[in-house]
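Listed below are the residues making up each chain.
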Amino acid sequence: MQRGVAQSTTGTRWTNGIVPYVMSTDFTGQQQALITGAMRNIERLTTINNRTCVQFRPKVSKDQYLILIKTGTGCSSHVGQNTGWRGQLELTLQVPTSSTSSHCMQQGTIMHELLHTL
């Protein structure tokens, strides 16, 4: 495989395009709204002929795979569903603090990381 070229297999695709998530309560209400807004924007941009290709939704008890959206250092995400891994895959978004101006809380950055999960 060439560097920078992703491979797609059925094990990396989310079933029916549904991406269950759990969002950390460490995010403020405004930050949570920004994250869900980025999700809705991806859903809107990937809708074809009134059919939603991707849907982000809160996890329900029967979900086997999910993404955990959490605060942390830097901006990072697992790639794809990855059925070889049981449980949650992490998406990390650094929030602004008084000690650092570097953060991930911008819609484009959040969308970028969310797209990695697809």
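As the structure is a computational prediction, the values presented were derived from the model and not from experiment.

## Considering the overall build of the chain
Turning to step 1, where the next piece is worked out: A count of helices and strands for the chain gives two helices and seven strands.
Turning to step 2, where the next piece is worked out: Along its sequence from the N terminus, the chain presents helices and strands in the succession β-α-β-β-β-β-β-β-α.
Turning to step 3, where the next piece is worked out: By residue count, 35% of the 118 residues in the chain fall in the buried class.
Turning to step 4, where the next piece is worked out: Of the contacts made within the chain by residues no fewer than 6 positions apart, 57% connect residues no fewer than 24 positions apart.
Turning to step 5, where the next piece is worked out: For the chain, the accessible area works out to roughly 7,400 Å², and carbon and sulfur atoms hold 49% of it.

## Some remarks on the state of the cysteines
A covalent bond between the sulfur atoms of two cysteines is what we call a disulfide.
Turning to step 1, where the next piece is worked out: Counted under the stated rule, the structure contains one disulfide.
Turning to step 2, where the next piece is worked out: Paired by a disulfide, Cys-75 and Cys-104 hold their sulfur atoms 1.8 Å apart. Residues Cys-75 and Cys-104 share a disulfide whose torsion about the S-S bond is about -95°; that sign makes it left-handed. Of this pair, Cys-75 sits in strand β6 (residues 75–77) while Cys-104 sits in the loop between β7 (87–93) and α2 (107–117), and the two are 29 residues apart along the sequence.

## Description of the environment of Leu-91
Turning to step 1, where the next piece is worked out: Positionally, Leu-91 belongs in strand β7.
Turning to step 2, where the next piece is worked out: The spatial distance from the C-alpha of Leu-91 to the C-alpha of Glu-113 is 7.1 Å, given a sequence separation of 22 residues.
Turning to step 3, where the next piece is worked out: Discounting chain neighbours no more than four positions away, the residues touching Leu-91 are Leu-68, Ile-69, Lys-70, Ser-76, Ser-77, Glu-113, Leu-114 and Thr-117.

## Things to note about the nonpolar core
Turning to step 1, where the next piece is worked out: Among the nonpolar cores identified, the biggest contains 23 residues, and Phe-27, Ile-35, Phe-56, Ile-67, Ile-69, Leu-93 and Leu-114 are the most heavily contacted of them.
Turning to step 2, where the next piece is worked out: Taken together, the elements giving at least two residues each to this core come down to β1 (18–23), α1 (29–45), β5 (65–71), β7 and α2.
Turning to step 3, where the next piece is worked out: If you tally residues by element for this core, the top one is α1, at four residues.
Turning to step 4, where the next piece is worked out: Not counting residues up to four positions away in its chain, the partners in contact with Leu-114 are Ile-35, Ala-38, Met-39, Ile-42, Phe-56, Ile-67 and Leu-91.

## A word on α2
Turning to step 1, where the next piece is worked out: Of the residues making up α2, those classed as buried are Ile-110, Met-111, Glu-113, Leu-114 and Thr-117. Looking straight down α2, one finds its buried side chains confined to an arc of 165°; they lie on one side.

## Focus: α1
Turning to step 1, where the next piece is worked out: Over its 17 residues, α1 runs 24 Å from end to end, which matches the ideal 24 Å to within 8%, given 1.5 Å per residue.
Turning to step 2, where the next piece is worked out: When we look at burial in α1, the residues that qualify are Gln-31, Ile-35, Ala-38, Met-39, Asn-41, Ile-42 and Glu-43.

Parameters and conventions
- Residues numbered from 1 in each chain as written.
- Predicted model: local features only at pLDDT ≥ 70, side-chain atom pairs only at ≥ 80, totals over all residues.
- Heavy atoms only, no water.
- Helix = DSSP H or I, 4+ residues; strand = E, 2+ residues; numbered from the N terminus.
- Buried < 20%, exposed > 50% of the residue type's maximum accessible area, 1.4 Å probe, protein only.
- Contact = heavy atoms within 4.5 Å.
- Areas by Shrake-Rupley, 256 points an atom, 1.4 Å probe, with all protein chains shown as cover.
- Disulfide = S-S within 2.5 Å.
- Core = buried A, V, L, I, M, F, W, Y, C linked by side-chain atoms within 4.5 Å.
- Arc of directions from axis to C-beta.
- Expected span 1.5 Å × (residues − 1).

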